Amino acid sequence: NAGVMQNPRHLVRRRGQEARLRCSPMKGHSHVYWYRQLPEEGLKFMVYLQKENIIDESGMPKERFSAEFPKEGPSILRIQQVVRGDSAAYFCASSPSSGSAYNEQFFGPGTRLTVL
Amino acid sequence: AQSVTQLGSHVSVSEGALVLLRCNYSSSVPPYLFWYVQYPNQGLQLLLKYTSAATLVKGINGFEAEFKKSETSFHLTKPSAHMSDAAEYFCAVSPISGGYNKLIFGAGTRLAVHP
């Protein structure tokens, strides 16, 4: 059973470009979370999605960031017009369909974004 | 708002020594509590979780943690450190309400194990 897949593992962008980060949850999981880890810091919640729905985006910056989880295909975190401060590791996690508050989240290996 | 404080950003122990990583939470009601481990350039792996059952929780790799409501603490321990335990450890809380698991992480503690 494959774990949570994220690609690319490393992404380099110049200021002003767009970054697209992909996350394929574990088989049977329909709940996806995105977290950002800045250097020397813990992970910070960004957004929680179910299939075709954004449930909680309270941790997402208001501008330039968007997320989706379509009916088919991976979840996408999109960052438009990237700036150096966006450089971080972005982690995706998935949990089972029941979505209980104490269900374990399974984390992917992360995408390390570097903005030049 | 809930928060997590991990005392000590770096902890160094000798192989075979006791490991103690501290975590205190701030919450009006006891939340769900988790410890995760992160190895270099990898994602997070769950070590253990507290979900209001037994206050002493046993996890993988010989780790355990004790929930102490009076101290609002959830410290992680291991009786004897192994070289392979060197990693970064994160304590996290999740509010009970809401029906989903929005994790709030501490800043992490990097554990070094020396021979």
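The model shown is predicted, which means the values in this text are computed figures rather than measured ones.

Description of the environment of B:Ser70
Moving on, step 1. With respect to the element layout, B:Ser70 can be found in the loop between strand 8 (64-68) and strand 9 (73-78).
Moving on, step 2. In this structure the C-alpha to C-alpha distance between B:Ser70 and B:Ala17, which are 53 residues apart in sequence, comes to 27 Å.

Focus on the nonpolar core
Moving on, step 1. Within the largest apolar cluster, 25 residues are counted, with the highest numbers of intra-cluster contacts made by B:Trp35, B:Leu47, B:Leu48, B:Phe74, B:Leu76 and B:Tyr89.
Moving on, step 2. Those elements giving two or more residues to this core turn out to be strand 3 (19-21), strand 5 (32-38), strand 6 (44-50), strand 8, strand 9, strand 10 (87-94) and strand 12 (109-114) of chain B.
Moving on, step 3. Of all the elements, strand 10 of chain B adds the most residues to this core, at four residues.
Moving on, step 4. Setting aside residues no more than four positions away along its own chain, B:Leu47 makes contact with B:Trp35, B:Tyr36, B:Val37, B:Gly59, B:Ile60, B:Asn61, B:Phe63, B:Leu76 and B:Tyr89.
Moving on, step 5. Counting 23 residues, the second-largest nonpolar core is a separate cluster that includes A:Cys23, A:Ala67, A:Leu77 and A:Val82.

Section: the pairing of strand 8 of chain B
Residues and elements named next belong to chain B.
Moving on, step 1. Judged by which residues are buried, strand 8 turns out to be one-sided: Ala-65 and Phe-67 face inward and are buried, whereas Glu-64, Glu-66 and Lys-68, on the alternate face, are not.
Moving on, step 2. Examined bridge by bridge, strand 7 (residues 56-58) and strand 8 share three bridges and lie antiparallel to one another. In the strand pairing of strand 8, Leu-56 is matched with Glu-66.
Moving on, step 3. Adjacent in sequence and paired antiparallel, strand 7 and strand 8 are bridged by five residues, among which Asn-61 carries a positive phi angle near 60 degrees.
Moving on, step 4. As paired strands, strand 8 and strand 9 are joined by five bridges and run antiparallel to one another. Paired with Glu-64 across the two strands is Thr-77, which belongs to strand 9.

Structural notes on unusual backbone geometry
Among all residues except glycine, the phi angle is most often negative; among peptide bonds, the trans geometry is most common.
Moving on, step 1. In this structure, A:Pro8 follows A:Asn7 across a cis peptide bond, with omega equal to -5 degrees.
Moving on, step 2. Relative to the assigned elements, A:Pro8 resides in the loop between strand 1 (5-7) and strand 2 (10-13).
Moving on, step 3. With a phi angle near 65 degrees, A:Glu52 is a residue other than glycine that sits in the positive phi range.
Moving on, step 4. Notably, B:Asn61 is not glycine yet its phi reads approximately 60 degrees, a positive angle.
Moving on, step 5. Tracing the chain through its elements places B:Asn61 in the loop between strand 7 and strand 8.
Moving on, step 6. Its relative accessible area of 43% is what places B:Asn61 among the partly exposed residues.

Observations regarding the pairing of strand 10 of chain B
All names here are of chain B.
Moving on, step 1. The element strand 10 is extensively covered by neighbouring structure, given that eight of its eight residues are classed as buried.
Moving on, step 2. Residues of strand 10 alternate between two faces, with Ala-87, Tyr-89, Cys-91 and Val-93 on one and Glu-88, Phe-90, Ala-92 and Ser-94 on the opposite face, all of them buried.
Moving on, step 3. In the sheet, strand 5 pairs with strand 10 via seven bridges, with the strands oriented antiparallel. The residue of strand 10 that forms the bridge with Gln-38 is Glu-88.
Moving on, step 4. As judged from the two bridges shared by strand 10 and strand 11 (residues 104-105), these two strands associate in the antiparallel manner. Bridging from a neighbouring strand, Val-93 pairs with Ile-104 of strand 11.

Cut-offs used in this document
- Residues numbered from 1 in each chain as written.
- Chains lettered and ligands numbered in written order.
- Predicted model: local features only at pLDDT ≥ 70, side-chain atom pairs only at ≥ 80, totals over all residues.
- Heavy atoms only, no water.
- Helix = DSSP H or I, 4+ residues; strand = E, 2+ residues; numbered from the N terminus.
- Core = buried A, V, L, I, M, F, W, Y, C linked by side-chain atoms within 4.5 Å.
- Buried < 20%, exposed > 50% of the residue type's maximum accessible area, 1.4 Å probe, protein only.
- Contact = heavy atoms within 4.5 Å.
- Pairing = 2+ DSSP bridges.

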